[in-house]
Amino acid sequence: AQGGSVVKALLLDSSYAVRAVTRDVSKPAAVKLKEAGAEVVAADMNDEKSLKSAFSGAYGAFVVTNFFDHFSKEKEFEQGKRIADICKLQGLKHVVFSGLENVHKLTGGKLKVLHFDGKGEVEEYFRQIKVPMTSTRLAFYFENYLTSCRPKKCPDGKTYQLVLPMGAVPMDGISVADLGPIVHSILQNSSEYIGKNIGLSADKLTVQQYAEIFSEVTGKTIVDSKITPEAYEKLGFPGADEMANMFRFYHMRPDRNVELTHKLNPDLKTFKQFMVSKKDTFKDL
């Protein structure tokens, strides 16, 4: 989702030749990118030789690793390190890495959020070996509300609830589809953004406010379930404890800059605009 958004945005600027790197060049998303004008090449994050070839001759790169491919912080770090070493070796001028905070380090070991921590360690490694890098730290995806965080029907059968353990603490959110123009702006203004960690957010709302916007757009009654992180981690789905720790970290209000995010992408959708654009997805509520 992140990579596709970045490719689309860069293809709109004829000064870039865009190479999209994927494990499977025959999958529909890859074929679409090729049809749109990108050079699509195969490489695997676990295969150094394929990565060297894929990064060869590049000016810059947008890099995203996926913890949820394998659920291993160590593997995510190993993949990110491999790419950082290749970026250094091949002399890339600007890497935009989809990073996040090293929560374990930030909290003195009190909290582990594995899908954050590995990316945090990769950020540190990029800096350590002096690759010119900007880290884009995304907020909670608005797209999660279409899938894993869709409103759940209450026992009364009439109302719905958002099951997010945030209490009254505002939570940042963004549509992942809006990332591309942000990365384009960062690459266009390298001198301003190299070396920075940029916390991205389109909107900073409480669960109650998200629920109110949901209700307004869908015409259904949607409320905050008021679930606690402790109850959330017992929900039993794969990664429930991992997600509960992420929400605990969100309670600490990580640095996400709404104003800067809107500056980097003036067409950025607020949560309400996103919901209006996806209204049909909730017809069956």
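Residues numbered from 1 in each chain as written. Predicted model: local features only at pLDDT ≥ 70, side-chain atom pairs only at ≥ 80, totals over all residues. Heavy atoms only, no water.

The secondary structure content of the protein amounts to 13 helices and twelve strands. For the protein, whose C-alpha radius of gyration is 19 Å, the value lies close to the compact-globule estimate of 19 Å for 285 residues. When the backbone C-alpha atoms are referred to their principal axes, the protein occupies close to 60 × 45 × 35 Å. A fraction of 74% describes how many contacts in the protein between residues 6 or more apart in sequence connect residues 24 or more apart. Accessible area of the protein: about 13,900 Å², with a carbon and sulfur share of 52%. Considering the protein, the positive charge centre built from 39 side chains and the negative charge centre built from 35 side chains are found 1 Å apart. (Helix = DSSP H or I, 4+ residues; strand = E, 2+ residues; numbered from the N terminus. Rg over C-alpha atoms; globule rule 2.2 N^0.38 Å. Contact = heavy atoms within 4.5 Å. Areas by Shrake-Rupley, 256 points an atom, 1.4 Å probe, with all protein chains shown as cover. Lys, Arg positive; Asp, Glu negative; His and termini not counted. Charge placed at Lys NZ, Arg CZ, Asp CG, Glu CD.)

Below, the discussion takes up the packing of helix α6 (residues 114–128) against helix α11 (residues 240–250). Between α6 and α11, whose axes approach to 8 Å, the crossing angle comes to 65 degrees. Overall, the two elements α6 and α11 adopt an arrangement that is roughly perpendicular. Where α6 approaches α11, its residues L114, H115 and F116 are matched on the opposing element by E242, M243, M246, F249 and Y250. Partitioned by chemical class, the residues of the contact of α6 with α11 number six nonpolar, one polar and one charged. (Axes fitted to C-alpha atoms, helices over the stretch in contact; angles between N-to-C directions. Parallel < 35°, antiparallel > 145°, perpendicular 65-115°, else oblique. Nonpolar A, V, L, I, M, F, W, Y, C, P; charged D, E, K, R; others polar.)

Right, let's get into the packing of aromatic side chains. Counted according to the given criterion, the structure contains 20 aromatic pairs. Between F116 and F249, the ring centres sit 5.6 Å apart and the planes meet at 75 degrees, which makes this aromatic pair edge-to-face. Of the two residues, F116 is situated in helix α6 and F249 in helix α11; the sequence distance between them amounts to 133 residues. The class for F249 is buried, based on a relative accessible area of 3%. (Phe/Tyr/Trp six-rings, centres within 6.5 Å; stacked < 30°, edge-to-face > 60°. Buried < 20%, exposed > 50% of the residue type's maximum accessible area, 1.4 Å probe, protein only.)

Structurally, the position occupied by R82 is in helix α4 (residues 73–89). Setting aside residues no more than four positions away along its own chain, R82 makes contact with M45, N46, E48 and L51.

Of note, the phi angle at F71 is positive, near 60 degrees, even though the residue is not glycine. Taking relative accessible area as the criterion, F71 reaches 48% and is therefore assigned partly exposed. Of note, R253 is a non-glycine position whose phi angle comes to about 55 degrees, a positive value.

Below, the discussion takes up the sheet that holds strand β9 (residues 171–174). Spatially, the three strands line up as an open sheet ordered β6-β9-β11, and their pairing is mixed. Both edges of this open sheet fall to β6 (140–141) and β11 (203–205), since each of them pairs with a single strand only. Sheet topology note: the β6/β9 ladder contains two bridges and is parallel. Bridging from a neighbouring strand, Y141 pairs with I174 of β9. (Pairing = 2+ DSSP bridges.)

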